[in-house]
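Residue-level listing of the chains:
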Amino acid sequence: MDKIIDGKKISSDIKEELKEEVRQLTEKGISVTLAVVQVGNDSASTVYVGNKKKACEYIGIGSLSYELKEETTQEELLSLIKELNERKDVNGILVQLPLPKHIKEDVIIKAISPEKDVDGFHPENVGLLSTGQKGFVSCTPAGVIELLKRSGITISGKECVVIGRSNIVGKPMAALLIREDATVTICHSKTVDLKKVAKRADILVAAIGKPKFINSEFIKEGAVVIDVGIHRLEGKKLCGDVDYDDVFDLVSAITPVPGGVGPMTIAMLMKNCVESAKLKNE
Ligand SMILES: NC(=O)c1ccc[n+]([C@@H]2O[C@H](COP(=O)([O-])OP(=O)(O)OC[C@H]3O[C@@H](n4cnc5c(N)ncnc54)[C@H](O)[C@@H]3O)[C@@H](O)[C@H]2O)c1
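Everything numeric in this text was worked out from a predicted model, so none of it was measured.

> Teacher, can you tell me more about the UniProt feature "binding site: NADP(+)" (unreviewed entry) in the chain here?
The residues that UniProt annotates with the feature "binding site: NADP(+)" (unreviewed entry) are Gly-164, Arg-165, Ser-166 and Ile-230. Following the sequence through the fold, Gly-164 ends up in the loop between strand S4 (159–163) and helix H7 (170–179). According to the relative accessible area criterion, Gly-164 is buried, its value standing at 12%. Among residues more than four places away in sequence, those in contact with Gly-164 are Gly-170, Ile-186, Cys-187 and Ala-207. Its relative accessible area of 48% is what places Ile-230 among the partly exposed residues.

> Help me out: how do you make sense of the domain arrangement of the chain in this one?
Where interface size is quoted, it is often the accessible area lost as the parts come together. Taken domain by domain, the chain consists of domain 1 (29–115) and domain 2 (139–262). In this structure, domain 1 and domain 2 have C-alpha centres spaced 29 Å apart.

> Explain the site of the ligand to me, please; I cannot follow it from the model alone.
As a matter of local geometry, the ligand sits amid 22 residues, with Arg-165, Ser-166, His-188, Lys-210 and Thr-265 nearest to it. Between Arg-165 and the ligand, the recorded distance is 2.8 Å, taken from a backbone N or O atom to an oxygen atom. A total of 860 Å² of accessible area belongs to the ligand in isolation, and the protein chains cover 71% of it. Considering only residue class, the shell around the ligand consists of nine nonpolar, 10 polar and three charged.

> Any chance you could explain the environment of Leu-77 here in plain terms?
For Leu-77, the location among the structural elements is in helix H3 (residues 74–86). Residues Leu-77 and Gly-157, 80 residues apart in the sequence, show an inter-C-alpha distance of 44 Å. Those residues within four positions of Leu-77 in sequence are excluded, and the remaining contacts are Val-37, Val-39, Leu-68, Thr-72, Leu-99, Ile-103 and Ile-108.

> Hey, could you run me through the packing of helix H1 (residues 7–27) against helix H10 (residues 262–280) in this one?
Axes are the key here: two packed helices are described by the angle between their axes and the distance separating the axes. H10 packs onto H1 with a crossing angle of 20° between their chain directions and a minimal axis gap of 9 Å. If you check the angle between H1 and H10, you find them roughly parallel. The hand of the H1/H10 crossing is left-handed. Contact residues: Gly-7, Lys-8, Ile-10, Ser-11, Ile-14, Leu-18, Glu-21, Val-22 and Leu-25 in H1; Pro-263, Met-264, Ala-267, Met-268, Met-270, Lys-271, Val-274 and Lys-278 in H10. Considered class by class, the residues forming the contact of H1 with H10 number 11 nonpolar, two polar and four charged.

About the thresholds
- Residues numbered from 1 in each chain as written.
- Predicted model: local features only at pLDDT ≥ 70, side-chain atom pairs only at ≥ 80, totals over all residues.
- Heavy atoms only, no water.
- UniProt positions renumbered as here; feature names shortened; annotations may be inferred.
- Helix = DSSP H or I, 4+ residues; strand = E, 2+ residues; numbered from the N terminus.
- Buried < 20%, exposed > 50% of the residue type's maximum accessible area, 1.4 Å probe, protein only.
- Contact = heavy atoms within 4.5 Å.
- Domains from an automatic or database assignment.
- Near = heavy atom within 4 Å.
- Polar contact = N/O pair within 3.5 Å; in protein donor to acceptor, adjacent residues only side chain to side chain.
- Areas by Shrake-Rupley, 256 points an atom, 1.4 Å probe, with all protein chains shown as cover.
- Nonpolar A, V, L, I, M, F, W, Y, C, P; charged D, E, K, R; others polar.
- Axes fitted to C-alpha atoms, helices over the stretch in contact; angles between N-to-C directions.
- Parallel < 35°, antiparallel > 145°, perpendicular 65-115°, else oblique.
- Left-handed = near helix turned anticlockwise from the far one by under 90°.

See below:
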């Protein structure tokens, strides 16, 4: 097992596999199309949306792009989602978050048809995951599971600690690790003695949103460390929630930032789009 988990390589392997799957689907007359909706022009969102469109193009997934102005009302957005839900040629719908403050994210997420919810945020898909049933899974935690499996890291029976309880990362991450037969602890901002709990982890997942928060004092020797965080430091360098240099000698494997979890999110989004097209045609 390599000590540095190469998310760039693993995500690129997944994209190649998907490219082949899409080619085979096309031969059967089945097309895959993702609709990407962005409201406003948040610069980070524009970069994410651009990367998603590029990935679609590479794999052979069609993409429809909706760039709506900041003042778009909730009703207008709901009406576009209704139209996309009804369109037979659209397999996946992605509304880029965050949305402007006057639009309620939970209302929008619930309006997307669960069969087209390739982000895995709809309560129906969250419920399916919690009850161990098949459904779309949030892309970042799904990507973490792929990283672990494709790096030959056993999850079953391991003591896993997830730091962060967000709906997008922490909670689905914990549910997926349970599904893989790990023993899971979720920590958050109110956890007492975080260092002590984190040190129990054979596999530690950091999704905190604080640059270099996790240092060697949180790590058990030989642990696998997955860093979900992504931050741009002054001078434009990227870093994660983990102090990579400080923990490196202690860990048995670690994801770098950039080049770890980040590239996996888009790969898993593409995988969900292909799954959606396959399910529709089953
Ligand atoms: N790589 C990717 O594709 C990707 C995708 C999503 C999020 N992220 C990154 O992952 C990080 C987490 O994202 P999120 O959306 O889950 O963030 P969030 O802000 O919604 O959640 C952060 C979580 O961390 C916990 N937390 C905050 N301070 C803490 C502390 N001192 N001790 C323990 N727990 C604490 C909070 O309780 C919360 O549950 C961010 O850096 C984000 O940019 C990366």
